[in-house]
Amino acid sequence: MSELKSNVFVRYVQAEDREDWVRLWRKFIATYENPKLADGIEKVNFDRFIDPSVKMWSALAILKDETTGTEKAIGFTDFFTHPSTWQTEDKTYLNDLFVDDEFRVGGVGRKLIEFVYSEADKMGTPAVYWNTDHFNHRAQLLYTKVAYLSHKRIYKREGY
Ligand SMILES: CC(C)(COP(=O)(O)OP(=O)(O)OC[C@H]1O[C@@H](n2cnc3c(N)ncnc32)[C@H](O)[C@@H]1OP(=O)(O)O)[C@@H](O)C(=O)NCCC(=O)NCCS
C-alpha cells in the first residue's frame, strides 16, 4: 500500500474535473444515511470551488499510472475559511473527505488532510478543524494520527 501513496498526488480541482468530483461526491454522500442536501448542491458546490472570489475549495487525490501515464481521481477533500471572534486570522474548516473504497488504507486520506494543512499554512489560516460521526471509527483511526480530539460538542438548531 505504501506503493499506492507514492503514486498519488493532491491538487486543486479545475473546471474540467467537474465530472470526476461529482462521481466521487455521490459515492461520499452514499456513505450517509438520510443526508440533508439542498437541491442542486452539486453544481453550486463545484461552481464555488472554481470561483476565485469564493473562499471554498476542493482538491482531488490523483493516482498516476507510471507506465501508461494515465491519471485517475480516487479521492477528494472540500474546505473553506471563515472568520473567528477568538483570533484575528480566519480558521479553516475541512468539510468533506473521501477516498474511493478500493484505495483506502494506503495513506491517501492522510495526504488529503496534509494538503489542507499545507494550503491553510500558506493562506495564513492554519487552525484547521473538522467533525465526524462518533461511530465513524475508520475515519478516526486516521484522525487521531494527524489531529487531536477536541472536547467540544456540536449542537444544531432544530430542523437544520
Ligand atoms: C476516512 C477515509 C477518508 C480514510 O481514508 P484512507 O485513505 O483509508 O486513510 P489513510 O490510509 O490515509 O489512513 C488510514 C489510517 O488509519 C490506519 N488504519 C486503518 N485501518 C486500521 C486498522 N484496522 N487498525 C489500525 N489502524 C488502521 C492506517 O494505518 C492509517 O494510518 P497511517 O497513515 O499512520 O498508516 C476513508 O476511509 C473514507 O473515505 N471513508 C468513507 C467516507 C468518510 O467516512 N469520510 C470521512 C467523513 S468525516
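Residues numbered from 1 in each chain as written. Predicted model: local features only at pLDDT ≥ 70, side-chain atom pairs only at ≥ 80, totals over all residues. Heavy atoms only, no water.

Digging into the overall build of the chain
- Helix and strand counts for the chain stand at five helices and five strands.
- Ordered by position in the sequence, the α and β elements of the chain form the string α-β-α-α-β-β-β-α-β-α.
- The C-alpha radius of gyration of the chain comes to 16 Å, within 12% of the 15 Å expected for a compact globule of 160 residues.
- Residues classed as buried in the chain amount to 36% of the 160 residues present.
- When contacts within the chain are restricted to residue pairs at least 6 apart in sequence, long-range pairs at least 24 apart make up 61% of them.
- For the chain, the accessible surface area stands at approximately 10900 Å², while carbon and sulfur atoms represent 53% of it.
- If you average the places of the 23 positive and of the 25 negative side-chain charges in the chain, the two averages end up 5 Å apart. (Helix = DSSP H or I, 4+ residues; strand = E, 2+ residues; numbered from the N terminus. Rg over C-alpha atoms; globule rule 2.2 N^0.38 Å. Buried < 20%, exposed > 50% of the residue type's maximum accessible area, 1.4 Å probe, protein only. Contact = heavy atoms within 4.5 Å. Areas by Shrake-Rupley, 256 points an atom, 1.4 Å probe, with all protein chains shown as cover. Lys, Arg positive; Asp, Glu negative; His and termini not counted. Charge placed at Lys NZ, Arg CZ, Asp CG, Glu CD.)

Some words on helix H3 (residues 41-49)
- Buried within H3 are the following residues: Ile-41, Asn-45, Phe-46 and Phe-49. Buried residues of H3 fall within an arc of 125° about the axis and therefore sit on the same side.
- Contacts made by the buried residues of H3 are with helix H2 (18-29), strand E2 (56-64) and strand E3 (71-84). (Arc of directions from axis to C-beta.)

Points about the UniProt feature "domain: N-acetyltransferase" (unreviewed entry) in the chain
- Under the UniProt annotation, "domain: N-acetyltransferase" (unreviewed entry) lies at residues 8-160.
- Its end C-alpha atoms 37 Å apart, residues 8-160 is made of 31% helix and 28% strand. (UniProt positions renumbered as here; feature names shortened; annotations may be inferred.)

Some remarks on the pattern of salt bridges
- Tallied over the full model, the rule gives eleven salt bridges.
- Ionic pairing is found between Asp-47 and Arg-18, a salt bridge with its closest N-O pair at 2.6 Å. Remark: Arg-18 occurs in helix H2 and Asp-47 occurs in helix H3; sequence separation between them is 29 residues.
- The partner of Glu-71 in a salt bridge is Lys-64, and the shortest N-O contact between them spans 4.0 Å. (Salt bridge = Lys/Arg side-chain N within 4 Å of Asp/Glu carboxyl O.)

Examining the environment of Val-128
- One can find Val-128 in strand E5 (residues 128-129).
- Considering only alpha carbons, one finds Val-128 and Tyr-117, eleven residues apart in sequence, at a separation of 6.8 Å.
- Once residues within four sequence positions are removed from consideration, Val-128 is found in contact with Thr-92, Leu-94, Val-116, Tyr-117 and Ala-120.

Regarding the site of the ligand
- Around the ligand, a shell composed of 21 residues is seen, among which Val-99, Val-105, Gly-107, Arg-110 and Asn-136 lie nearest.
- One of the backbone nitrogen or oxygen atoms of Val-99 is found 2.8 Å away from an oxygen atom of the ligand.
- A distance of 3.0 Å separates an oxygen atom of the ligand from a polar side-chain atom of Lys-145.
- Burial of the ligand by the protein chains amounts to 75% of its free accessible area of 950 Å².
- If you tally residues by element for the shell around the ligand, the top one is helix H5 (residues 137-146), at six residues.
- For the shell around the ligand, the class distribution of residues is eleven nonpolar, six polar and four charged. (Near = heavy atom within 4 Å. Polar contact = N/O pair within 3.5 Å; in protein donor to acceptor, adjacent residues only side chain to side chain. Nonpolar A, V, L, I, M, F, W, Y, C, P; charged D, E, K, R; others polar.)

Some words on the environment of Lys-43
- Relative to the helices and strands, Lys-43 is located in helix H3.
- Under the relative-accessibility criterion, Lys-43 is labelled exposed at 52%.
- Separated by 21 residues in sequence, Lys-43 and Val-22 have C-alpha atoms that sit 8.7 Å apart.
- Of the polar contacts made by the side chain of Lys-43, one reaches the side chain of Asp-47; its length is 2.5 Å.

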